[in-house]
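# Observations on the model geometry
What follows is each chain in one-letter form.
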Amino acid sequence: LVSIPVSMAVLLVMVVSRFLLKRNRSMFFQLKQALIRREFVLQYQPQVDANTLEVKGVEALVRWQHPEKGMLYPDVFIPLMEEFGLINGLTDYVIDASLKDLSAIQLPEGFHLGLNVPPSYIKAPARWVYLRQKHREFAAKGIRLGLEVTERQFLDKEARIALETMRQVGIEILLDDFGTGQTSLSVLQETKIDFLKIDKCFVDSIGHESVNTPVLNAIINLGKLLGVTMVAEGVENEIQANYLLERGVVLQQGYYYSKPKEIGDIDIRLSHKPELISALL
Ligand code: C2E
Ligand code: MG
Ligand code: MG
Ligand code: MG
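Residues numbered from 1 in each chain as written. Chains lettered and ligands numbered in written order. Predicted model: local features only at pLDDT ≥ 70, side-chain atom pairs only at ≥ 80, totals over all residues. Heavy atoms only, no water.

## Side note on the pairing of strand 4 (residues 111-116)
Looking along a regular strand, one sees side chains alternate from face to face of the sheet. For strand 4, the tally of buried residues reaches five of six residues, placing the bulk of the element in the interior. Here three bridges tie strand 2 (residues 55-66) to strand 4, and the two strands are oriented parallel to one another. In the sheet register, glycine 57 faces strand 4, and the bridge partner there is histidine 112. With six bridges connecting them, strand 4 and strand 5 (residues 143-149) associate as parallel partners. (Buried < 20%, exposed > 50% of the residue type's maximum accessible area, 1.4 Å probe, protein only. Helix = DSSP H or I, 4+ residues; strand = E, 2+ residues; numbered from the N terminus. Pairing = 2+ DSSP bridges.)

Next comes the structure, spelled out in structure tokens:
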């Protein structure tokens, strides 16, 4: 009586895991193929000085130009690439492609490029050599290379040591999505960073009676206390832009200024008012 349900359960587990394995394997090959076929493309989002509207830098954001499904966004494929161990290969590709893209246009000296890098990349010593080499190539073109890392990386001592090593050779470190993770203040004090990116969820709270607004103000004060440059992300309107500017957050990124665009469409001198720019989007 007992043996029938047990054997059925075993069978069910076998069938389901075979199905998942097969699905996973096909996804793995699709992503690997996409890397080989160079189906990934980059868009760039300006980081703007809110006082002068000058574009001080860009963040590179990867997309998958899928042959059948069209443009796919990173939230769909980055976690899978991490799971399948393909993320370091993608990161190499992003670094190379952005160097090629930015070399093709005229940029002011000291222009910043922000690249999103996963923990596995930061911790691989073989990648340090590569990063230093690329950093020199970017520097030769007057571009400052910055690594956007999340608080997840900051929880890991090994990753923090790697980041310090990169910073010593002049690579900038940006702490991304700040305020959403679990960075302790002591870690933040002992690990030097160059930029702190205030997460969109805090910017969203501006103008609403939200619990996040006092937290936003605390983050801004913390940034000042630590002496790091702050960048606000996800700025979508003039109220948010002014609120942040009045509190000293000069560098801003968001749809209010520009959506991520192909390199050829980036206007590095936003001479016109952002209202007009957003109207054109
Ligand atoms: P992130 O680094 O925090 O990037 C900011 C995300 O917010 C981007 O989404 C950007 O398009 C979006 N964004 C910017 N301004 C606004 C705004 O005003 N309103 C709204 N609603 N959204 C805005 P995206 O491109 O879909 O990227 C999502 C995440 O994927 C990134 O978050 C980053 O963690 C990851 N990612 C992107 N590119 C790469 C990459 O090359 N490598 C790795 N490892 N991760 C990447
Ligand atoms: Mg980022
Ligand atoms: Mg971010
Ligand atoms: Mg974010």
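## Some details on the coordination of the magnesium ion (ligand 2)
Coordination of the magnesium ion (ligand 2) by the protein is provided by Glu59 (OE), Asn116 (OD1), Glu148 (OE) and Asp176 (OD), with metal-donor distances spanning 2.0 to 2.3 Å. Each donor residue of the magnesium ion (ligand 2) lies on one chain, and together they are spaced E-x56-N-x31-E-x27-D. Of the residues examined, glutamate 59 reaches a relative accessible area of 6% and is grouped as buried. (Donors = N, O, S within 2.8 Å, 3.2 Å for Na, K, Ca; no water.)

## Looking at the side chain of glutamate 39
Examined against the element boundaries, glutamate 39 turns out to sit in the loop between helix 1 (3-36) and strand 1 (40-49). Residues contacting glutamate 39, with those up to four places away along its chain left out, are Ala34, Arg63, Trp64, Gln65 and Pro67. (Contact = heavy atoms within 4.5 Å.)

## Topic: the site of ligand 1
Near ligand 1 lie 21 residues; those nearest to it are Glu59, Arg63, Asp176, Glu236 and Tyr255. At 3.0 Å from an oxygen atom of ligand 1 is found a side-chain nitrogen or oxygen belonging to aspartate 177. Between glutamate 236 and ligand 1, the recorded distance is 2.5 Å, taken from a side-chain N or O atom to a nitrogen atom. Given that more than half its atoms are within 2 Å of the pocket grid, ligand 1 belongs to the largest pocket. (Near = heavy atom within 4 Å. Polar contact = N/O pair within 3.5 Å; in protein donor to acceptor, adjacent residues only side chain to side chain. 1 Å grid on protein atoms, 1.4 Å probe; cavity = no way out; pocket = protein on both sides within 12 Å on 5 of 7 lines; lining within 4 Å. Sits in = over half its atoms within 2 Å of the grid points.)

## Considerations on the coordination of the magnesium ion (ligand 3)
In the first shell of the magnesium ion (ligand 3), the protein supplies Asp176 (OD), Asp177 (OD), Glu233 (OE) and Glu233 (OE), at 2.1 to 2.6 Å from the metal. Counting gaps between the donor residues of the magnesium ion (ligand 3) yields the pattern D-D-x55-E. Taken as a pair, the magnesium ion (ligand 3) and the magnesium ion (ligand 2) lie 3.7 Å from each other and share aspartate 176 as a ligand. A residue pair is termed long-range when its members are at least 10 positions apart, and aspartate 177 in strand 6 (residues 172-178) and glutamate 233 in strand 8 (residues 229-233) qualify at 56 residues. The class for aspartate 177 is partly exposed, based on a relative accessible area of 25%.

## Let's talk about the layout of surface pockets
Taken as a whole, the largest pocket holds about 1,200 Å³ of empty space. Glu59, Leu61, Pro74, Asp75 and Asn116 are, among the 38 residues lining the largest pocket, the residues nearest its centre. Elements supplying a minimum of two residues to the lining of the largest pocket: strand 1, strand 2, helix 2 (74-83), helix 3 (87-103), strand 4, strand 5, helix 6 (151-154) and strand 6. Residues belonging to the lining of the largest pocket are distributed by class as follows: 17 nonpolar, nine polar and twelve charged. (Points joined across faces, edges and corners; volume = space filled by probe spheres on them. Nonpolar A, V, L, I, M, F, W, Y, C, P; charged D, E, K, R; others polar.)

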